[in-house]
Amino acid sequence: MKTSSDTLIQVTDLHFARSGRPIFAGIDINVRRGAITAIMGPSGTGKTTLLKLIGGQLHPAKGSILIDGENVHRLSRRRLYRLRRRMSLLFQSGALLTDISVFDNVAFPLREHTDLPESLIRDLVLTKLEAVGLRGAAKLMPAELSGGMARRVALARAIALDPEFIMYDEPFAGQDPISMGVVLELIRKLNKSLGLTSIIVSHDIKETSAIADYIYLLADGKVVEEGAPAELTASASPWSKQFMQGLPDGPVPFHYPAPSLEEDLLHVTN
Amino acid sequence: MSLIKQLSALMQHLGQGGLNFFQRLGRGHLLLLQLLTGLLPSLLRPRLIIYQIYMVGVLSLIIIIVSGLFVGMVLALQGYNTLVDFGAEESLGTVVALTLVRELGPVVAALLFAGRAGSALTAEIGLMKATEQLSAMEMMAVDPIRRVLLPRFIAGFISLPMLAVIFSAMGVLGGYFIGVGLLGVDEGAYWSQMQGKVEFGHDIVNGIIKSVAFAFVAVWIAIFEGYDAQPTSEGVSRATTRTVVHTSLAVLGLDFILTALMFGD
């Protein structure tokens, strides 16, 4: 994908390591304005880390991330917070505030960033909760929700301030088939009708391919494949084949690096 | 060769420990700087502070009142047994009051505060970190230092001196119940000796200054430990323990320095 003025997020030569273990060894990603871009790859390839790097919560060892031309990691705290008002991150765990109700969780960003009257906040919160099918759960506490419900509440909170772009970390995980369809449709609608830019990190190939405009496949700290969903599905590359078809054999090892099983089992410690 | 290896490992261990200590000290002071610079804007949101005063202050009242009463009662029993040998049992009120307002009130209230409220603050903030609630706030462009830490910092700073005063008052009452009610010390002597010997400026104000200093240290440690905790259940558990241990040691050490400065001459 070529860099152009319609690029909202530009990740260039990104290097990042955690506890001495390299996570990214020079990745380049461009997220087009108004498009749904999916980041896919095996577990442990740093997909969530990438979202935190884009959000400015982690700092890269090398490389840059530009959002609308602004280098996220060179911004002052005030400007970074101003930029974050334009974005939203749906956490994998939901990350709801546990001491306040579902309603107050969704109202939280509205109360923090606007001076809207309580009556209007109520209407907005109920509308957002209705969109994720949880208006009836407004009075529940986060501890009373299932994992899937908590993530849907987090989604309602993520769209509460109508951000310019949303990063979804595993939005389909833990959803039943009905909720999965609703969340899928919601992401698509938000994208098309409001012109939002979306980044989806997911393992759900079928669902993600159905709504994504462009997919990046990460493995071994690099972008190993990229393209439209149809291109990746048809690709002859061993990376694409293994991941898109869920094959056990291929360039991505199933096992975490370790000595052979025989060596481990026969090794006698003193 | 083995000895050299062991010595080298020991040196490495010591060096790493020293580095970790100074890194934590640095992070603690940076957090304090951030807390102090955000102080004024946070005062504009009194509802958050009032709620935290309830959580850390009002909910600590029971333990402070009960402990104060018992400490005063014990002081009266021990003091009476010593004073009666010299025929000075009428000075019991002075002994109880001076011990409480100068020393035991600020110190024991701070130790109880560390156990009751400090540990709760650390656990709450640590758990918020472990469950990504603080990260979520950051991503919503809400500064967790101003939204979560500062109201707790201000509330603890306001609450502990008040709790120390209540502790001392309850101790004086406890001493009265035992000294006057049980041991037969003259009621008039108990109160009048106390009024005559306890100076507001020298004794009570210095006691309050001590508890203000203890409050600052206790809340700073509790909040830093929570914010700096490893985001795991074991990490939060260790941080909570560190809060109680470090606060207790800091309060006792600081008490010696302040006592030497205030009453040393």
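The structure displayed is predicted, hence computed values, not measured ones. (Residues numbered from 1 in each chain as written. Chains lettered and ligands numbered in written order. Predicted model: local features only at pLDDT ≥ 70, side-chain atom pairs only at ≥ 80, totals over all residues. Heavy atoms only, no water.)

### Focus on the overall build of chain A
Here comes step 1: A tally of helices and strands in chain A yields 10 helices and 10 strands.
Here comes step 2: Compactness check: chain A gives a C-alpha radius of gyration of 20 Å against a globular reference of 18 Å for 270 residues, within 12% of the reference.
Here comes step 3: Within chain A, buried positions represent 50% of all 270 residues.
Here comes step 4: Counting every atom, chain A has about 13300 Å² of accessible surface; 54% of that belongs to carbon and sulfur.
Here comes step 5: A distance of 6 Å separates the average location of the 30 positive side-chain charges in chain A from that of its 30 negative side-chain charges. (Helix = DSSP H or I, 4+ residues; strand = E, 2+ residues; numbered from the N terminus. Rg over C-alpha atoms; globule rule 2.2 N^0.38 Å. Buried < 20%, exposed > 50% of the residue type's maximum accessible area, 1.4 Å probe, protein only. Areas by Shrake-Rupley, 256 points an atom, 1.4 Å probe, with all protein chains shown as cover. Lys, Arg positive; Asp, Glu negative; His and termini not counted. Charge placed at Lys NZ, Arg CZ, Asp CG, Glu CD.)

### A short note on the confidence of the model for chain A
Here comes step 1: Residue-level pLDDT values for chain A average 86, and 96% of them are 70 or greater.
Here comes step 2: By mean pLDDT, the top-scoring element of chain A is helix H3 (residues 102-113) of chain A (94), and the lowest-scoring one is helix H9 (residues 238-245) of chain A (74). (pLDDT = per-residue confidence, 0-100.)

### Examining the sheet that holds strand E5 (residues 70-71) of chain A
To summarise the sheet geometry, strands pair through backbone hydrogen bonds and adopt either a parallel or an antiparallel arrangement.
Residues and elements named next belong to chain A.
Here comes step 1: The strand order E2-E1-E4-E5 describes an open sheet built from four strands, whose pairing is antiparallel. The open sheet terminates on both sides in strands that have one partner only, identified here as strand E2 (21-32) and E5.
Here comes step 2: Here strand E4 (residues 62-67) runs beside E5; their pairing, made up of two bridges, is antiparallel. When the sheet's bridge partners are listed, Leu 66 is paired in E5 with Asn 71.
Here comes step 3: Here helix H1 (residues 47-54) sits on the sheet in contact with strand E1 (7-18), E2 and E4, set at roughly 120° to E1. (Pairing = 2+ DSSP bridges. Contact = heavy atoms within 4.5 Å. Axes fitted to C-alpha atoms, helices over the stretch in contact; angles between N-to-C directions.)

### Side note on the sheet that holds strand E6 (residues 87-90) of chain A
All names here are of chain A.
Here comes step 1: Ordered by their spatial adjacency, six strands build an open sheet running E6-E7-E8-E3-E9-E10, and the pairing between neighbours is mixed. Two strands close off the open sheet at either side, each with one partner strand: E6 and strand E10 (222-227). With direction set aside, neighbouring strand axes in the sheet form an average angle of 15°.
Here comes step 2: Note: strand E3 (residues 36-40) against strand E8 (residues 197-201), four bridges, orientation parallel.

### Observations regarding the packing of aromatic side chains
Residues and elements named next belong to chain B.
Here comes step 1: Under the criterion given, the structure shown has nine aromatic pairs over all chains.
Here comes step 2: Aromatic pair Phe 21 and Phe 22: ring centres 5.2 Å apart, planes at 80°, arrangement edge-to-face.
Here comes step 3: Phe 21 sits in the partly exposed class, given a relative accessible area of 49%.
Here comes step 4: On the accessibility criterion, Phe 22 (57% relative accessible area) is exposed.
Here comes step 5: With a centroid separation of 6.3 Å and an interplanar angle of 80°, the aromatic rings of Phe 157 and Phe 216 are classed as edge-to-face. Of this pair, Phe 157 sits in helix H7 (residues 144-182) while Phe 216 sits in helix H9 (residues 200-227); the two residues are 59 residues apart in sequence, bridging distant segments of the chain. (Phe/Tyr/Trp six-rings, centres within 6.5 Å; stacked < 30°, edge-to-face > 60°.)

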